[in-house]
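# Inside the fold
Next come the chains, spelled out residue by residue.
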Amino acid sequence: MGVKMSSLVVSSCVLFLVLLLPLQVAQASANIVEEPELAYLLIEPVICRSDSGTNAAMSRLHRDRVEAVYAQADVELVWLAERYFDCSAVRDGSVDVDSIVIEGIERGLWGSGVPRISLILVNAINGVPGPRGLGMQSGSICFVAAAEGASGSENRDQEAFALAHEIGHCLGLIHTVDDPEVADDISCIMGAGEFSERIGENSLQPSQITTVRNSPFLLFKSMNVSSTNRLDSYIN
Ligand SMILES: [Zn+2]
């Protein structure tokens, strides 16, 4: 959106020229403010399977709906190739998430390389079956367990919400009840309400967009990504 020339009443050519030049400058600077640089967020799904590499946990990613949430912050999600974590106990949530994080580092699944969010797909988290999620606050790992055999629209909404919500924790977002910048009765990605509304058009509020844009996980074209290596910091 820029300044609308059509709303101006110009009484002479001289006046028009005098007005036109400053307006062009104003329009250019307005565009810079209103169109932030597109950022990229790498998401690497890690699908947990049995010890022998069979019976994978559900891997519905609801990409379009999760992408629509973060597009509100001019962030484009880049889905990396899926990786696999073959361990029945991990898949079934019978070991705690701290142990899973350590085991994943030892297996080279995460903990180094390009900044990215590792999205671990399991059947249960800390012994509790899905649909549910758990994300590190400003960390690089989140878990999502889908609803078993989910097919109804409410389950799909909840799954999509869980994915976007846990990624939000990784990006630094906190629940609206703990966030003085956002009313806690707003249906946003970190708030209350119907799941379909929590991942709807206004699922990121202005202050949440600012938080997301400040996340160190965002990548920009101007960055030399290949030289950026760092370890994960795990935060409960
Ligand atoms: Zn949460």
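Residues numbered from 1 in each chain as written. Predicted model: local features only at pLDDT ≥ 70, side-chain atom pairs only at ≥ 80, totals over all residues.

### Remarks on helix α5 (residues 153–170)
Using the following cut-off: Comment: elements are numbered from the N terminus, with helices defined as DSSP H or I runs of at least four residues and strands as E runs of at least two. Here a helix's expected span is defined as the number of its residues, less one, multiplied by 1.5 Å. Exposed residues have 12 or fewer other C-beta atoms within 10 Å of their own C-beta, buried residues have 20 or more, and residues in between are partly exposed; the C-beta atoms are placed from the backbone.
Look at α5: 26 Å from first C-alpha to last across 18 residues, which is about the 26 Å you get at 1.5 Å a residue. The element α5 is extensively covered by neighbouring structure, given that 14 of its 18 residues are classed as buried. Looking one or two residues past α5, Gly172 carries a phi angle of roughly 100°, positive in sign.

### Concerning the environment of Asp96
Of note, Asp96 is situated in the loop between α3 (88–91) and α4 (97–106). On the basis of neighbour count, Asp96 is assigned to the exposed category, with 11 C-beta atoms found within 10 Å. Separated by 30 residues in the primary sequence, Asp96 and Asn126 place their C-alpha atoms 5.1 Å from one another.

### A few points about the nonpolar core
Formally: In these notes, a nonpolar core means any group of buried Ala, Val, Leu, Ile, Met, Phe, Trp, Tyr and Cys residues linked to one another through C-beta atoms within 7 Å. Remark: residues whose backbone-derived C-beta atoms lie within 7 Å of one another are considered to be in contact.
Formed by 48 residues in total, the largest nonpolar core has its most connected members in Ile120, Cys142, Val144 and Ala164. Those elements giving two or more residues to this core turn out to be β1 (39–49), α2 (63–71), α4, β4 (117–122), β8 (141–145) and α5. Among the elements that take part in this core, α5 stands out by supplying 7 residues, more than any other. Leaving out residues up to four positions away in the same chain, Val144 has contacts with Leu119, Leu121, Gly133, Ala162, Leu163 and Glu166.

### Thoughts on the confidence of the model for the chain
Just so we agree on the cut-off: Values of pLDDT, which run from 0 to 100, indicate the predictor's confidence residue by residue.
Residue-level pLDDT values for the chain average 83, and 79% of them are 70 or greater. Within the model, pLDDT remains below 50 along residues 1–23, and this stretch shows 13 contacts once partners closer than five positions in the same chain are excluded. Predicted confidence for residues 227–236 stays below pLDDT 50, and this span has 21 contacts to residues more than four positions away or in other chains.

### Topic: the pairing of β8
Just so we agree on the cut-off: We call two strands paired when DSSP finds no fewer than two bridges between them.
Where burial is concerned, most of β8 is hidden: 5 out of the 5 residues are buried. Of the two faces of β8, both are covered, the one formed by Ile141, Phe143 and Ala145 as well as the one formed by Cys142 and Val144. When β4 meets β8, the two strands line up parallel, connected through 5 bridges. By the bridge assignment, Ser118 is partnered in β8 with Ile141. Sheet topology note: the strand β7 (residues 132–135)/β8 ladder contains 4 bridges and is antiparallel. The partner of Gly135 across the bridge, within β8, is Cys142. Remark: 5 residues form the turn of the hairpin made by β7 and β8, two consecutive strands paired antiparallel; Ser138 in that turn has positive phi of roughly 55°.

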